[in-house]
Amino acid sequence: EHEVSVVIVDPPRRLEPSSLPENVLQHLPREHKLLALKAPFLNDGARPYLRCHHLSGPMYSLHRREIDLPWLLSPLYTEWPPREFTIANIGCRSFDSADPLWSLLGIPEMNLRGLCVDADGEQLAEARRNLQSAPNVKIVQTFLTPGLLETLLAGMGSMDVLKIDIDSFDAYLWEAALAVARPRVLLAEYNFFIPPPFQYAWHYAEEQTAEET
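Bear in mind that the values here come from a model prediction, so they are computed numbers and not experimental data.

Colleague: Teacher, can you tell me more about the nonpolar core here?
Modeller: One broad trend across soluble globular proteins is that nonpolar side chains are buried collectively. Phe 85, Phe 95, Leu 104 and Leu 112 are the most contacted members of the largest nonpolar core, which totals 22 residues. Of all the secondary-structure elements, those providing two or more residues to this core are α3 (69–73), β4 (84–90), β5 (111–118), α4 (121–130) and β8 (182–187). Not counting the four nearest positions on each side in its chain, Leu 104 is found in contact with Leu 69, Pro 70, Phe 85, Ile 87, Met 110 and Leu 112. Core analysis: the next-biggest nonpolar cluster, separate from the first, contains 18 residues, Leu 115, Leu 153, Phe 169 and Leu 173 among them.

Colleague: I would appreciate a short explanation of the packing of aromatic side chains in the present structure.
Modeller: Geometrically, a pair of aromatic rings is defined through the distance of the ring centres and the angle of the planes. Scanning all chains against the criterion turns up six aromatic pairs. Following the ring pairs from residue to residue traces out a cluster consisting of Phe 143, Phe 169, Tyr 172 and Tyr 204. Across from the ring centre of Tyr 77, 4.3 Å away, lies the NZ or CZ of Arg 184, which sits over that ring.

Colleague: Where do I start with the state of the cysteines in this structure?
Modeller: Cysteine pairs can be covalently joined through their sulfur atoms, and such a bond is termed a disulfide. On inspection of all chains with the given rule, the structure shows one disulfide. A disulfide bridge connects Cys 92 with Cys 116, and the sulfur atoms are separated by 2.2 Å. Classification of the bridge connecting Cys 92 and Cys 116 rests on its S-S torsion, roughly 80°, and on that basis the disulfide is right-handed. Taken together, the residues span a long stretch of sequence, with Cys 92 in the loop between β4 and β5 and Cys 116 in strand β5 at a distance of 24 residues. Here Cys 116 falls in the buried class, since its relative accessible area comes to 0%.

Colleague: Could you clarify how one ought to interpret unusual backbone geometry in this entry?
Modeller: Leaving glycine out, the prevailing phi sign among residues is negative, and the prevailing peptide bond configuration is trans. Residue Pro 81 is reached from Trp 80 by a cis peptide bond, and omega for that bond is 0°. Within the secondary structure, Pro 81 sits in the loop between α3 and β4. The residue Arg 93 is not glycine, and still its phi comes out positive at about 50°. As for its placement among the helices and strands, Arg 93 is situated in the loop between β4 and β5. Phi is positive for Phe 95, which is not a glycine, with a value near 50°.

Colleague: I tried to follow the confidence of the model for the protein on my own but got confused; where do I start?
Modeller: A low pLDDT means the predicted coordinates there should not be read in detail. Taken residue by residue, the protein gives an average pLDDT of 78. The fraction at 70 or more is 65%. Taken as a whole, residues 4–18 scores under 50 in pLDDT and shows 43 contacts with residues more than four places along the chain or in a different chain. Note on residues 38–54: pLDDT under 50 across the span, and 68 contacts to partners over four residues away in sequence or across chains.

Colleague: Honestly, the pattern of salt bridges in this entry has me stumped. Any pointers?
Modeller: Side-chain pairs of opposite charge can arise where the charged atoms are in close proximity. Taken as a whole, this structure holds four salt bridges when the rule is applied. The partner of Asp 99 in a salt bridge is Lys 163, with the nearest N and O atoms 2.9 Å apart. Note that Asp 99 is positioned in the loop between β4 and β5 and Lys 163 in strand β7 (residues 158–164), a separation of 64 residues in sequence. Here Asp 99 matches Lys 163 in class, with each residue buried. In this structure, Arg 129 and Glu 126 form a salt bridge, with 2.6 Å as the shortest nitrogen-oxygen distance. Pair noted here: Arg 129 and Glu 126 are both in helix α4, with a separation of three residues, about one helical turn.

The rules behind each value
- Residues numbered from 1 in each chain as written.
- Predicted model: local features only at pLDDT ≥ 70, side-chain atom pairs only at ≥ 80, totals over all residues.
- Heavy atoms only, no water.
- Core = buried A, V, L, I, M, F, W, Y, C linked by side-chain atoms within 4.5 Å.
- Buried < 20%, exposed > 50% of the residue type's maximum accessible area, 1.4 Å probe, protein only.
- Helix = DSSP H or I, 4+ residues; strand = E, 2+ residues; numbered from the N terminus.
- Contact = heavy atoms within 4.5 Å.
- Phe/Tyr/Trp six-rings, centres within 6.5 Å; stacked < 30°, edge-to-face > 60°.
- Lys NZ or Arg CZ within 6 Å of the ring centre and 35° of its normal.
- Disulfide = S-S within 2.5 Å.
- pLDDT = per-residue confidence, 0-100.
- Salt bridge = Lys/Arg side-chain N within 4 Å of Asp/Glu carboxyl O.

Laid out in structure tokens, this is it:
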């Protein structure tokens, strides 16, 4: 039992015409199809961007890449910045300014530590350069499976932020991660083309390879 604070980016709020793919609709029962025709009107939302005083869709905001995690997280701590801050960035790619965790780099008097995991060696070479100011963030190149992620996170215990974004079987990784880790904040991605109340996750199979994902 532990307390988790969840940061939700892009809550679906604004109505905007959209549609599910026809190949999805044609296999739905009639009552589900009627619901599906209504549900996609909730798109990926109008969101208040940091340092931005207006609401707009993510494709139109000039601030869409300005995710200021220190500003978001500071109310959760009695003292900011904390002396140590632990992250697990699963699917970190190059750890550049497009990554929400980028804004945690270079904070004076805060020891950033944890994991940066990705399967792409070229992306991780760039991540190593971007993480030079955070030598206690361990960089791991591997094709993740739920079992392997459990092994990687098992020794970390509690952490400040856990982010999973591999554009694949993320839901299975979340199940594995939360079985062993105790993150204070989760950063998750969802597919707004399949909106609530539908439940959808990319299936994981043990024989799956990095190329197939």
